[in-house]
Structures are given as C-alpha cells and as structure tokens.
Amino acid sequence: MHVSFVSLAKPVLHGYFRSSCSWRVRIAFALKGVEYDQAPVNLIKDGGQQLTQQYKAINPMQQVPALEIDGITLSQSLAVIQYIDETRPGPRLLPADPKKRAQVRMISDLIASGIQPLQNLYVIQKMGAEKMQWSQHFIDRGFQALEPILKQTAGKYCVGDEISMADICLVPQVYNAERFKVDVDQYPTIKRLNQALLEIEAFKVSHPSRQPDTPADLRA
C-alpha cells in the first residue's frame, strides 16, 4: 500500500556516518531508490551534537537517526524503515507472507533490541576501560542466538531469497562486530549473508566509508 500524502520535498536524514541505526535507514532509501538530504550529527564532536537543545527539539531521545519526511519527524530506525516501505514504491522490505514477515521482524528486533543498544556509544562511554570486553560479550551473546535462527530462515539472504529489513539490520551489526574485534568466523551463516549483501549496490553506497560526514582517513 502506498499512500497519497507523500511529500514532494526530499526527506532529511539526521544521522552519523558510523551509526548502525542511521546506516539502516540509508540502506532502506538506497534499496527503494529514494533521494534524500543528510544533516550530519557528530556524536563525538563538542561533547556530542546530539545532546544540544537544538537537536533535542528534533529527537527528544537525543539519538540518531531522526528523519523529517512528509511533514512529520520520525525516530527509531525500524519504525522509519517500515514507514518508508509502506509509503514508497520499489522492492518490499517486509515480505507479503505473514510467517516470513514475522521472521523478518524477529531477526530485526533481535539485533535492534537485543544486541545493538548494549554496545552503542552512550552505553560504552559509561564502561570506560572495559568497553571492548563489554561490547564483545554482548555481540557474541546475540550472534550465538542469531546464527541458529538464520540457519533455519536463510536462503540467499536472511529470510529466503529476497532482501528484507532483517538484512538491513544484519550488515551494520556485523560492521560493529568487526570494529569490536569479534571473530565473525565463528558464525558462518552470518558471515556468508554479510558477504553476499556487501556486494549489493544499496549496501555499498550507504556504507559508513562513503558518507558526507565520513572523516578523510576513513573514506573508501
């Protein structure tokens, strides 16, 4: 279903190049072929630009991403992705089949609720010297659950042979795992799916190494 109140104005994505939640939204836009503008929010500079009163007015949770689209502002990446899917033409990001759709949501929630929040910037800043060990523990814990699930659901991609919101969540989480020196070889299904997805143009153009706010030393 594609509703009729879609605005002609370009959406504006407030995000950060290395934020996995921002990357999810960039992937969704790329898969749908939707043009958008970016308003970078540097999570490190000046103590964190997301903590300013100006940004708090955009997203009271003071996190990225936030998306201005069709006259409203949305935060929380899965809500954003589902809105994009429901309002923009192009490939479906959630399958039509109810069982597959539930599996996509299960995998997406496992990553977005069960893994990523435990190693996001706000949390690890509180951990001090233990941040690497903490992050590795919770990513490994999540991947130990995710690997057998994906063995059951995966075809070419996370759920069957069509790219979905689950794949959109997987790739940024593997990027985080590699940043925190997790041995992804322990998870052959996760590794195979991630490698296949990184060959797809939508995942390449949205990559943290290719964003307007990517520092020069991290550019592809």
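Quantities reported herein were computed from a predicted structural model and do not represent experimental measurements.

*Asks:* How do you make sense of the nonpolar core when you look at a structure like this?
*Replies:* If you look at the biggest cluster of nonpolar residues, it comprises 52 residues, and the most contacted ones within it are Phe 143, Leu 146, Leu 170, Ile 190 and Phe 203. Those residues in contact with Ile 190, other than ones at most four positions away along the chain, are Phe 143, Leu 146, Glu 147, Leu 150, Leu 170, Val 174 and Val 184. Grouped together as the second largest cluster of nonpolar side chains are 7 residues, Phe 17, Leu 43, Tyr 55 and Val 64 included.

*Asks:* Which parts of the structure should I look at to understand the packing of helix α6 (residues 131-153) against helix α7 (residues 165-179)?
*Replies:* Each packed pair of helices is defined by two parameters, the angle between the axes and the distance between the axes. For the pair α6 and α7, the least separation of the axes is 10 Å and the interaxial angle reads 140 degrees. Classified by the angle their axes make, α6 and α7 are oblique. In the crossing of α6 with α7, the sense of the turn from one axis to the other is left-handed. Touching Met 132, Ile 139, Phe 143, Leu 146 and Leu 150 of α6 are Leu 170, Gln 173, Val 174, Asn 176, Ala 177 and Arg 179, all from α7. In terms of residue class, the contact of α6 with α7 is built from 8 nonpolar, 2 polar and 1 charged.

What counts, and at which threshold
Residues numbered from 1 in each chain as written. Predicted model: local features only at pLDDT ≥ 70, side-chain atom pairs only at ≥ 80, totals over all residues. Heavy atoms only, no water. Core = buried A, V, L, I, M, F, W, Y, C linked by side-chain atoms within 4.5 Å. Buried < 20%, exposed > 50% of the residue type's maximum accessible area, 1.4 Å probe, protein only. Contact = heavy atoms within 4.5 Å. Axes fitted to C-alpha atoms, helices over the stretch in contact; angles between N-to-C directions. Helix = DSSP H or I, 4+ residues; strand = E, 2+ residues; numbered from the N terminus. Parallel < 35°, antiparallel > 145°, perpendicular 65-115°, else oblique. Left-handed = near helix turned anticlockwise from the far one by under 90°. Nonpolar A, V, L, I, M, F, W, Y, C, P; charged D, E, K, R; others polar.

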